[in-house]
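The chain contents come next:
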Amino acid sequence: MTLNRINLLIPCFVLVFALNVHAYTDGFSYMRKLDGISESWHRLVIPDDLFQDITHDFTDLLIIGITPEEDTITVPYHHRILKGESILKPVSFELINQTIGPKGYFYTFKIPVESTINQISLDFEKENFDWRLTLAGSHGQREWFTITEDYRMISISDERTQYRFTDLLFDPSDFTYYRIQIHTQDDPGLLSAQLL
């Protein structure tokens, strides 16, 4: 090979290598620079706004390093999801209405102090039932907003089975009034309720 060809090929290799480095990091929707890398192990906190753009299992999250020689390396990482603390705290309330209509039984609760709730635990006199419930919330009892509907509560009690599920679980909400509609014409016999 002549010297001219070698001199011509070297810039071509450098150009191709530089394009490869750029091509490897190109095509990602979001990129952020990590500064202050000085040790082998680091702790990185993922910013809240980044969670909307990555998958739930973090498979599309990559840490790419570029060496001083312009080589790209994929950096392995271990992720740990911190669990939040959940506290169930009873909320004071007043049962203001118990009515029956053609669509079932209705129970209306009033929360005197502004509180956010996400669970209502109910206890019924009946032993065996399979009901569907609708939970609605309101600030002034004029307009009701459906929180959850077609929610199933069930109780089976016989010589072989003792099962009871009477907790109404829903997304956190903040209303003054809550109305539970039980789609049945048989009196459920509400014994107690606890808003949490």
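S.K.: Teacher, can you tell me more about the overall build of the protein here?
M.R.: Helix and strand counts for the protein come out as 1 helix and 11 strands. What you see in the protein, going N to C, is helices and strands ordered as α-β-β-β-β-β-β-β-β-β-β-β. Per-residue burial over the protein gives 28% buried out of 196 residues. Here the analysis covers contacts within the protein between residues at least 6 apart in sequence; of these, 65% occur between residues at least 24 apart.

S.K.: Whenever I open this one, a nonpolar patch on the surface confuses me. Can you help?
M.R.: On the surface, Phe 28, Met 31 and Leu 62 cluster together into a nonpolar patch covering about 290 Å² of accessible area. Within the secondary structure layout, Leu 62 lies in the loop between helix H1 (3–25) and strand E1 (63–66). A relative accessible area of 41% places Leu 62 in the partly exposed class.

S.K.: It is not clear to me how the environment of Ile 46 should be interpreted in this structure. Could you clarify?
M.R.: Along the chain, Ile 46 turns up in the loop between H1 and E1. With residues up to four places along the chain from it excluded, the contact list for Ile 46 reads Phe 51, Phe 58 and Leu 61.

S.K.: Can you help me understand the sheet that holds strand E6 (residues 129–138) in this one?
M.R.: Overall, antiparallel pairing links the 6 strands, which are arranged E3-E4-E10-E6-E7-E8 in an open sheet. Where the open sheet ends on each side, the last strands, each with one partner, are strand E3 (94–101) and strand E8 (162–165). Here the average twist between neighbouring strands, direction ignored, is 20 degrees. With 7 bridges joining them, E3 and strand E4 (residues 104–110) adopt antiparallel strand pairing. Paired with Asn 97 across the two strands is Thr 108, which belongs to E4.

S.K.: Help me understand the pairing of E8, please; the structure alone is not making it clear to me.
M.R.: In regular strands, side chains alternate between the two faces of the sheet. Pairing of strand E7 (residues 145–157) with E8 involves 4 bridges; the strand directions are antiparallel. The residue of E8 that forms the bridge with Ser 155 is Arg 164.

S.K.: I would appreciate a short explanation of the pairing of E4 in the present structure.
M.R.: In terms of burial, E4 is largely enclosed, as 6 of its 7 residues are buried. A loop of 2 residues connects E3 with E4, the two strands running antiparallel in sequence. As paired strands, E4 and strand E10 (residues 177–182) are joined by 6 bridges and run antiparallel to one another. Note on E10: the bridge partner recorded for Lys 110 is Tyr 177.

S.K.: For this particular structure, what's the right way to read the side chain of Ser 138?
M.R.: With respect to the helices and strands, Ser 138 occurs in strand E6. For Ser 138, a relative accessible area of 1% gives the class buried. Setting aside chain neighbours within four positions, we find Ser 138 in contact with Glu 143, Trp 144, Phe 175, Thr 176 and Tyr 177.

S.K.: Even after reading the chapter, I still don't get the nonpolar core, so can you show me in this structure?
M.R.: Nonpolar side chains in soluble globular proteins generally cluster together in the buried interior. In this structure, Ile 120, Leu 122 and Ile 180 are the most contacted members of the largest nonpolar core, which totals 24 residues. Every element with two or more residues in this core is listed here: E4, strand E5 (117–124), E6, E7, strand E9 (167–173), E10 and strand E11 (190–195).

S.K.: What am I meant to see in the sheet that holds E9 here?
M.R.: Within a sheet, neighbouring strands are paired by backbone hydrogen bonds and run either parallel or antiparallel to one another. Strand order in the open sheet formed by 3 strands is E9-E5-E11, and the pairing between neighbours is antiparallel. The sheet is open, and its two edges are formed by E9 and E11, each paired on a single side. Sheet twist, expressed as the mean angle between neighbouring strand axes with direction ignored, is 20 degrees. Strand direction decides the pairing type here: E5 and E11, joined by 5 bridges, are antiparallel. Bridging across to E11, Leu 122 finds its partner in Ala 193.

Each value, and the rule that gives it
Residues numbered from 1 in each chain as written. Predicted model: local features only at pLDDT ≥ 70, side-chain atom pairs only at ≥ 80, totals over all residues. Heavy atoms only, no water. Helix = DSSP H or I, 4+ residues; strand = E, 2+ residues; numbered from the N terminus. Buried < 20%, exposed > 50% of the residue type's maximum accessible area, 1.4 Å probe, protein only. Contact = heavy atoms within 4.5 Å. Patch = residues over 30% accessible without salt bridge, like charges linked within 9 Å, V, L, I, M, F, W, Y side chains within 5 Å. Areas by Shrake-Rupley, 256 points an atom, 1.4 Å probe, with all protein chains shown as cover. Salt bridge = Lys/Arg side-chain N within 4 Å of Asp/Glu carboxyl O. Pairing = 2+ DSSP bridges. Axes fitted to C-alpha atoms, helices over the stretch in contact; angles between N-to-C directions. Core = buried A, V, L, I, M, F, W, Y, C linked by side-chain atoms within 4.5 Å.

These figures capture arrangement, not role.
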